[in-house]
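The lines below spell out each chain.
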Amino acid sequence: MINILFVCHGNICRSPMAEFVMKEHLRQAGLDDAVYVESAAMHRDEIGSDTHYGTKEMLDRYHIPYEPRAARLATKADYDRFDYLIGMDRYNLRDMRQLYRDDPAGKLSLLMDWVGESRDVADPWYTSDFQATYDDVDAGCLALLEHLKRTLGR
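It should be emphasised that the depicted structure is a prediction, and the values quoted were computed from it without experimental measurement.

Reading the values: rules and limits
Residues numbered from 1 in each chain as written. Predicted model: local features only at pLDDT ≥ 70, side-chain atom pairs only at ≥ 80, totals over all residues. Heavy atoms only, no water. Phe/Tyr/Trp six-rings, centres within 6.5 Å; stacked < 30°, edge-to-face > 60°. Lys NZ or Arg CZ within 6 Å of the ring centre and 35° of its normal. Axes fitted to C-alpha atoms, helices over the stretch in contact; angles between N-to-C directions. Helix = DSSP H or I, 4+ residues; strand = E, 2+ residues; numbered from the N terminus. Parallel < 35°, antiparallel > 145°, perpendicular 65-115°, else oblique. Left-handed = near helix turned anticlockwise from the far one by under 90°. Contact = heavy atoms within 4.5 Å. Nonpolar A, V, L, I, M, F, W, Y, C, P; charged D, E, K, R; others polar. Buried < 20%, exposed > 50% of the residue type's maximum accessible area, 1.4 Å probe, protein only. Pairing = 2+ DSSP bridges. Core = buried A, V, L, I, M, F, W, Y, C linked by side-chain atoms within 4.5 Å. Right-handed = clockwise from strand over helix to strand, strands pointing away.

## Some points on the packing of aromatic side chains
Point 1. The full count for this structure, using the stated rule, is five aromatic pairs.
Point 2. Note that K107 overlies the ring of Y79, its terminal NZ or CZ placed 4.7 Å from the centroid.

Below you can see the structure in the form of structure tokens.
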């Protein structure tokens, strides 16, 4: 089983969007039995909060299933539990490097790295542009899916 953790600032917009988008892509590819996906926050601002309504609206628009959830904080133990820890922006990556002691196993990346673009996924908390966020998340998840297919030989 391959384990993926998507990480953003508060775990209510970008990382749960990536979690649910990735789960749906995995289901459609028949890989949901081989890959486990979760999401977490780097900061405590929204711990316990459900997914942001703007994220839910985008998931609904694209017919991506989701369930009620509570934002959770990333922990040191996550580094051992997950094979890929994927941040949404350079600030997430900086915080992850601090928490995970500079990433000794090389598990950290930015979502857009998978697309070949070393840039942030815009935070809709500030931009209110959930469509742009969705477009980035979907592209990143599709690129990651292709990597996983190769890794799993499927």
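## A word on the packing of helix α1 (residues 14-29) against helix α6 (residues 130-152)
Point 1. Between α1 and α6, the least distance of the axes is 9 Å, while the angle of their chain directions is 45 degrees. Classified by the interaxial angle, the pair formed by α1 and α6 is oblique. Between α1 and α6 lies a crossing of right-handed hand. Contact residues: R14, M17, A18, V21, M22, H25, L26 and A29 in α1; F130, T133, Y134, V137, D138, C141, L142, L144, L145, L148 and K149 in α6.
Point 2. Within the contact of α1 with α6, the residues separate by chemical class into 14 nonpolar, two polar and three charged.

## Topic: the environment of R101
Point 1. Relative to the helices and strands, R101 is located in the loop between α4 (90-99) and β4 (108-110).
Point 2. Judged by its relative accessible area of 62%, R101 is exposed.
Point 3. Considered as a pair, R101 and K76 are 25 residues apart in the sequence and their alpha carbons are 9.2 Å apart.

## Quick word on the sheet that holds strand β3 (residues 84-87)
Point 1. Taken together, the four strands give an open sheet; going across it, the order is β2-β1-β3-β4, and neighbouring strands pair in parallel fashion. Edge strands, defined here as strands with exactly one partner in the open sheet, are β2 (35-41) and β4. Across this sheet, the average inter-strand angle for adjacent strands is 25 degrees, counted without regard to direction.
Point 2. Bridge analysis of strand β1 (residues 2-8) against β2 gives seven bridges, and the strand direction is parallel.

## What to know about the pairing of β3
Point 1. On β3, burial covers both faces: Y84 and I86 on one face and L85 and G87 on the other are all buried.
Point 2. The pairing of β3 with β4 spans three bridges and is parallel. Residue I86 lies in a different strand from β4, and its bridge partner there is S109.

## As for the nonpolar core
Most often, soluble globular proteins keep nonpolar side chains buried together rather than apart.
Point 1. Counting 33 residues, the largest nonpolar core has I4, F6, M22 and L148 as the members making the most contacts within it.
Point 2. The set of elements that each furnish at least two residues to this core consists of β1, α1, β2, α2 (53-61), β3 and α6.
Point 3. Considering each element in turn, this core owes the most residues, seven residues, to α6.
Point 4. When neighbours within four sequence positions are excluded, L148 is seen to be in contact with I2, I4, M22, L26, V35 and Y84.
Point 5. Residues L5, V7, A40 and L85 belong to the second largest nonpolar core, which totals 13 residues.

## Considering unusual backbone geometry
Point 1. One non-glycine residue, D103, adopts positive backbone phi at about 60 degrees.
Point 2. Within the fold, D103 resides in the loop between α4 and β4.
Point 3. Even without being glycine, S128 reaches a positive phi, approximately 60 degrees.
Point 4. Locating S128 in the fold gives a position in the loop between α5 (124-127) and α6.
Point 5. On the basis of relative accessibility, which here comes to 58%, the residue S128 falls in the exposed class.

## Topic: the pairing of β2
Point 1. The element β2 is largely enclosed, with a buried count of six among its seven residues.
Point 2. Considered for its hand, the β-α-β crossover made up of β1, α1 and β2 is right-handed.

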